[in-house]
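Structural overview
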Amino acid sequence: MKARLDQIDWKILRELQADGRITNVELARRVGISAPPCLRRVRALEDAGIIRRYRTLLDEKSLGYDVTAFAFVSLSSQAEADLIAFEERIGEWPIVRECYMLSGETDFLLKCVAKDLRGFQDFIIELTGAANVKSVKTTLTIRQSKHEPSVPLE
């Protein structure tokens, strides 16, 4: 069910997506309301699950994570229990930063971030040997042309 948001809610969401560290007082000023109702609105958006959490985006290259790659995983069985078991296993691998279940030939797309090629290769060897994994295809990224981890609010 889609949430019913008014203009102020949309403004709050735009501002918070742009800067999650903004103070409530500054947020209220930017959206044109006083601080107490602004805070109530933010808490209501959080309670409704529209705002899921706050986080800091780090630059992986600056921290020594030089390899970003994608793995396309096909499973032998797509029974619900097998899909759930694979997703639980994915949760145990810190190298996997994002995981998407897909329709079509490939069952899962994994975004992986590793310190070096050897670390990624070691992970792929482990992934290929995991239960129910039929095949793994990989691709290394050359460069990132766009990174916009926010929702395209209109």
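Described in the following lines is the structure provided in the data block. The numbering scheme is per chain: residues are counted from 1 as the chain's sequence reads. For this predicted model, a pLDDT threshold of at least 70 governs which residues receive local features, and a threshold of 80 or more governs which side-chain atom pairs are given and counted, while totals over whole chains, interfaces and linings are taken from all residues. Computation of side-chain values: all heavy atoms of the structure, hydrogens and water removed.

1. With respect to the overall build of the chain
To keep things clear, this is the line we draw: A run of H or I in DSSP counts as a helix once it spans at least four residues, and a run of E counts as a strand once it spans at least two, with each numbered from the N terminus. The globule rule used here is 2.2 Å times the number of residues to the 0.38 power, and the radius of gyration it is set against is calculated over C-alpha atoms. The cut-offs for exposure are 20% and 50% of the maximum accessible area for each residue type, with area from a 1.4 Å probe on protein chains only; residues under the lower value are buried, those over the upper are exposed, and the others partly exposed. Residues count as neighbours in contact if any of their non-hydrogen atoms are within 4.5 Å of one another. Surface exposure here means Shrake-Rupley accessible area, sampled with a 1.4 Å probe, where a residue is shielded only by the protein chains that are shown.
Along the backbone of the chain there are five helices and four strands. If you list the helices and strands of the chain from N to C, you get α-α-α-β-α-β-β-α-β. Since a compact globule built from 154 residues should have a radius of gyration of about 15 Å, the 20 Å found for the chain marks it as more spread out than a globular shape. Across the 154 residues in the chain, those meeting the buried criterion constitute 26%. Counting contacts in the chain only where the partners sit at least 6 residues apart, residues at least 24 apart contribute 61% of the total. Approximately 11100 Å² of the chain is accessible, and the part contributed by carbon and sulfur atoms is 51%.

2. Let's talk about helix 2 (residues 24-31)
We apply this condition: Here, the arc refers to the directions that run from the helix axis to the C-beta atoms.
Here helix 2 has its buried residues at Leu27, Ala28 and Val31. For helix 2, the angular spread of the buried residues around the axis is 100°, confining them to a single face. Opposite its buried face, helix 2 presents the exposed residues Val25 and Arg29, each directed more than 90 degrees away. Contacts from the buried residues of helix 2 go to helix 1 (7-18) and helix 3 (35-47). Just downstream of helix 2 lies Gly32, where phi reads positive at about 85°.

3. Details of the sheet that holds strand 2 (residues 96-101)
Operational definition: At least two DSSP bridges between two strands are needed for those strands to be called paired. Note on method: axes are straight lines fitted to C-alpha atoms, helices fitted across the in-contact stretch only, with angles between N-to-C directions ranging 0 to 180 degrees.
Here we have four strands laid out as an open sheet, ordered 2-3-1-4, and antiparallel in their pairing. Of all strands in the sheet, those bounded by a partner on one side alone are strand 2 and strand 4 (133-140). Between one strand and the next, the sheet's axes are offset by a mean angle of 20°, whatever the strand orientation. Bridging between strand 1 (residues 67-75) and strand 4 involves seven bridges; their strand directions are antiparallel. Looking at strand 4, one finds that Val73 is bridged to Val136. Against the sheet, helix 5 (residues 117-128) makes contact with strand 1, strand 2, strand 3 (108-114) and strand 4, and its axis sits at roughly 160° relative to strand 4, the strand it touches most.

4. Digging into the side chain of Asp9
Note the threshold: Polar contact criterion, stated in full: a pair of N or O atoms within 3.5 Å, where within protein one must be able to donate a hydrogen and the other to accept it, and residues adjacent in sequence count only if both atoms are side-chain atoms.
By secondary structure assignment, the location of Asp9 is in helix 1. According to the relative accessible area criterion, Asp9 is buried, its value standing at 9%. A distance of 2.9 Å separates polar atoms of two side chains, one belonging to Asp9 and the other to Arg41. Filtering out sequence-adjacent residues up to four positions away, Asp9 remains in contact with Arg4, Arg41 and Leu45.

5. Regarding the pairing of strand 2
Note: strand 2 against strand 3, five bridges, orientation antiparallel. Within strand 3, the position partnered with Met101 by the bridge is Phe108.

So yeah, pure geometry; function would need other evidence.
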